[in-house]
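Architecture at a glance
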Amino acid sequence: MKRLLSGNEAVARGAWTAGAVVGSGYPGTPSTEIMEIFARYPGVYAEWAPNEKVALDVAIGAAYAGRRAFATMKHVGLNVAADSLFYAAMTGIEAGLVIVSADDPSMHSSQNEQDNRQYAKFVRIPCIDPADSQEAHDFAIAAFDLSERFDTPVLLRLTTRVCHTSTPVEVSEQRFVSSDPIKYPRNVAKYVMVPANARRRHGVIEHRIQEISQYAETSPLNRMEIRSSQLGIITGGIAYQYAREVFPEASILKLGLVYPLPAALIRNFASMVERLIVLEELDPFIEHQVRLLGVELYRGKQTLDTPKGIFPIVGELNAQIVRKAAIEAGLIEGEMLQTSPSFPMELPQRPPVLCPGCPHRGAFFVLSKLKVPVNGDIGCYTLGLTEPLNAIHTCGCMGASIGVAHGAAVAGDQERHVAVIGDSTFFHTGIPALINVVYNRSNVITIIMDNRVTGMTGHQDNPGTGKTLQGRDTTEIDIENVVRALGFTYVKTLNGYDVEGIEKTLKEWMKISDPAVLITREECALLPEARAKYVPLEVVEEKCNGCTMCFRVGCPAISKSEKLDPRYQRPLAVIDPSLCTGCEICAQVCPRDAILFRNQVLDKQEIDQ
Ligand code: SF4
Ligand code: SF4
Ligand code: SF4
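Now for a look at the structure at hand. (Residues numbered from 1 in each chain as written. Chains lettered and ligands numbered in written order. Predicted model: local features only at pLDDT ≥ 70, side-chain atom pairs only at ≥ 80, totals over all residues. Heavy atoms only, no water.)

Considering only enclosed or pocket space, the largest pocket measures out at about 680 Å³ in volume. Around the largest pocket sit 35 residues that line it, and Ser 109, Ile 378, Gly 379, Met 398 and Met 456 are the ones nearest its centre. Listed by contribution, the elements that provide at least two residues to the lining of the largest pocket are helix 4 (75-80) and helix 17 (423-440). No fewer than three residues from each of domain 1 (2-217) and domain 3 (359-530) sit in the lining of the largest pocket. As a volume, the second largest pocket reaches approximately 370 Å³. If you go around the second largest pocket, you meet 14 residues; those closest to its centre are Pro 351, Val 353, Glu 387, Gly 554 and Pro 556. For the lining of the second largest pocket, the residue count by class is nine nonpolar, three polar and two charged. Here the lining of the second largest pocket spans two domains, and each of domain 3 (359-530) and domain 4 (534-608) adds at least three residues to it. (1 Å grid on protein atoms, 1.4 Å probe; cavity = no way out; pocket = protein on both sides within 12 Å on 5 of 7 lines; lining within 4 Å. Points joined across faces, edges and corners; volume = space filled by probe spheres on them. Helix = DSSP H or I, 4+ residues; strand = E, 2+ residues; numbered from the N terminus. Domains from an automatic or database assignment. Nonpolar A, V, L, I, M, F, W, Y, C, P; charged D, E, K, R; others polar.)

What follows is about the sheet that holds strand 12 (residues 257-259). Strands sit in the order 3-2-4-5-7-6-12 across an open sheet of seven strands; the sheet is mixed. The two strands at the open ends of the sheet, each matched to only one other strand, are strand 3 (45-48) and strand 12. Along the sheet, helix 3 (residues 52-64) contacts strand 2 (22-25), strand 3, strand 4 (69-74) and strand 5 (97-103); its crossing angle with strand 4, the most-contacted strand, is approximately 165 degrees. (Pairing = 2+ DSSP bridges. Contact = heavy atoms within 4.5 Å. Axes fitted to C-alpha atoms, helices over the stretch in contact; angles between N-to-C directions.)

What follows covers the site of ligand 3. Taken together, Pro 356, Gly 357, Leu 537, Cys 555, Ala 557, Ile 558, Cys 580, Thr 581, Gly 582, Cys 583, Glu 584 and Cys 586 make up the full set of residues near ligand 3. Mapping ligand 3 onto the cavity grids shows that it belongs to the second largest cavity. Taken together, the residues of the shell around ligand 3 sort by class into eight nonpolar, three polar and one charged. (Near = heavy atom within 4 Å. Sits in = over half its atoms within 2 Å of the grid points.)

Quick look at the site of ligand 2 now. Residues in contact with ligand 2 amount to 13 residues; listed here are only the nearest, Cys 544, Cys 547, Thr 548, Cys 550 and Cys 590. Taken together, the residues of the shell around ligand 2 sort by class into nine nonpolar, three polar and one charged.

Right, let's talk about empty space enclosed by the protein for a bit. Here the structure, examined in full by the defined rule, presents five cavities of 30 Å³ or more. In this structure, the largest cavity spans a volume of roughly 100 Å³. The wall of the largest cavity is formed by 16 residues, among which Cys 544, Cys 547, Cys 550, Ala 573 and Cys 590 lie closest to the centre. In terms of residue class, the lining of the largest cavity is built from 12 nonpolar, three polar and one charged. Each pocket or cavity is described by its volume, and for the second largest cavity that value is around 70 Å³. Around the second largest cavity, the lining comprises 13 residues; the ones closest to its centre are Cys 555, Ile 558, Cys 580, Cys 583 and Cys 586. Tallied by class, the residues present in the lining of the second largest cavity amount to nine nonpolar, two polar and two charged.

Cis geometry is found at the peptide bond from Tyr 259 to Pro 260, where omega equals -5 degrees. By the element assignment, Pro 260 lies in the loop between strand 12 and helix 12 (263-271). The linkage connecting Glu 387 with the following residue, Pro 388, adopts the cis geometry, with an omega of -5 degrees. One non-glycine residue, Gln 569, adopts positive backbone phi at about 60 degrees. Positionally, Gln 569 belongs in the loop between strand 20 (558-564) and strand 21 (571-575).

The next subject is helix 17. Considering bend angle alone, the principal kink of helix 17 is centred on Gly 430 and spans about 70 degrees; proline Pro 432 follows within four residues of it. Every buried residue of helix 17 is listed here: Asp 423, Ser 424, Thr 425, Phe 426, Phe 427, His 428, Gly 430, Ala 433, Leu 434, Val 437 and Val 438. Where helix 17 ends, the next residue or the one after it, Arg 441, has phi of about 55 degrees, a positive value. (Bend = angle between axes of the 7 residues up to and from the residue. Buried < 20%, exposed > 50% of the residue type's maximum accessible area, 1.4 Å probe, protein only.)

Tracing the chain through its elements places Glu 584 in the loop between strand 21 and helix 21 (585-589). Look at Glu 584: it is buried, it has no salt bridge, and the nearest opposite charge is Arg 598 at 4.8 Å. (Lys, Arg positive; Asp, Glu negative; His and termini not counted. Salt bridge = Lys/Arg side-chain N within 4 Å of Asp/Glu carboxyl O.)

Note that every value here comes from positions in space, so none of it alone points to a role or purpose.
Next up, the structure:
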């Protein structure tokens, strides 16, 4: 039966068909939908873990217990999970274990651009790289089989374009019958990685990867498409689609199993073509391995030994980029053809911004006023860096804010450092960093912006929401209780919209030298519960003098009107009722009480009726 599925939907379907019964992940674009969709299949357990390492440990435990399991994450998540990836590669498993890494070439929503095929080589596990949704589905099934056949975790590496593009997929209604849990293994030599055992296992995994490379020679995951002998292309993943589009006559060796590579197959293919190139996105991962085999690659008109042959090493490829590089290298002739729609006009730039009514805005407005160094984290609250708030000065990765602030403080920076982190990020990797602050006694003030959900990735539940991924009611972890239990004495929870309270508290804490934690708690303005409470506010023109204070909160719902204040000729403020939620932040900062509060608006509406 054929279905139109995105790559992410196809992986979820493939995992279910393969009999996976446990899935654990941490949301992160472009991987998020995989676990959300898997959670809806019957007979499975799926969860959001607090971070990717925990997710992988959960999947490893299930696979040790004899049940097919997988963990999902975006590419940077594999950095968090790397410790677990390495030990799982050493121990092997009892039932299939697949790690799905969704890479983000061109960093559509990421802080870096990394090619996680490299992890497979580093760790010595197979890496499978699908080119479309059908392959995402089929390769997910193959990954579990390969995992069990060779007693190894398998890395299923996706990229944004495969994750989010929908193509028809032939699916089966039959599900692989997963075996019952086995008696948990008591094989200490295999599963307990003390040095004596680990030394033996290292030899085992080196031997294993040799065996898998033998398998790769005839694996159905790799295939040759023989056409013209003038040009041969070795490719894999989404780059295969560009190869077919730009070089329709070329012969192709399409690698689904991109690590380990099939040396004899590559040599055989090379002998069949006059010119051989490698076409791949990001790192020269296949290219370097092919060159190490002594196989000569066509290098175009290059005179310098560049790190990558003909195609760019940075950013996502598309057919236009591939065609341009091919023309420059003398591989094909012709003008640049337009392959994607072009727009005659320059479209206006639309920088990301906190939504109207965002509960993080109040704290950022105060931080901006206080002019303290603010160390940010990954999430909606990263947007506190934009104009006019300009309230974030560093931002590295999930959970980094608190450690960076602590580092600056213990290095002797005399300014009072603030760290900002979200609720989900607090559970992800914020807690150990906060322990470090209280244990090593820096004076960092941490603000945990608790919007009651994992916001930026699309409103997933987390340990603070009281719901699991599969919708069960569960223990709601109270952030303030956790922080107090860590040993902080200065801890306070305020409403995220309480601008005055936030300012007063931070100013008080600036005078003490202890570490402190402020939790600003208010649900994300886009949640249905919040939407139900929207009351657009109004500006009383007669009171407004265009002082600009309300513009400084950076809410997209407030703008300058055409009308001018008669005395200073400054534009008056106007609120767009279709955008305003009535969060009252602007009303609180207006020095002339020119913005009506919610109750005033409701009273006025009652009178008007
Ligand atoms: S999604 Fe929610 S938390 Fe994120 S910026 Fe918008 S309102 Fe704020
Ligand atoms: S803060 Fe008040 S007075 Fe100033 S521009 Fe805004 S509405 Fe007008
Ligand atoms: S009340 Fe003010 S700050 Fe809040 S959404 Fe409306 S215009 Fe924006």
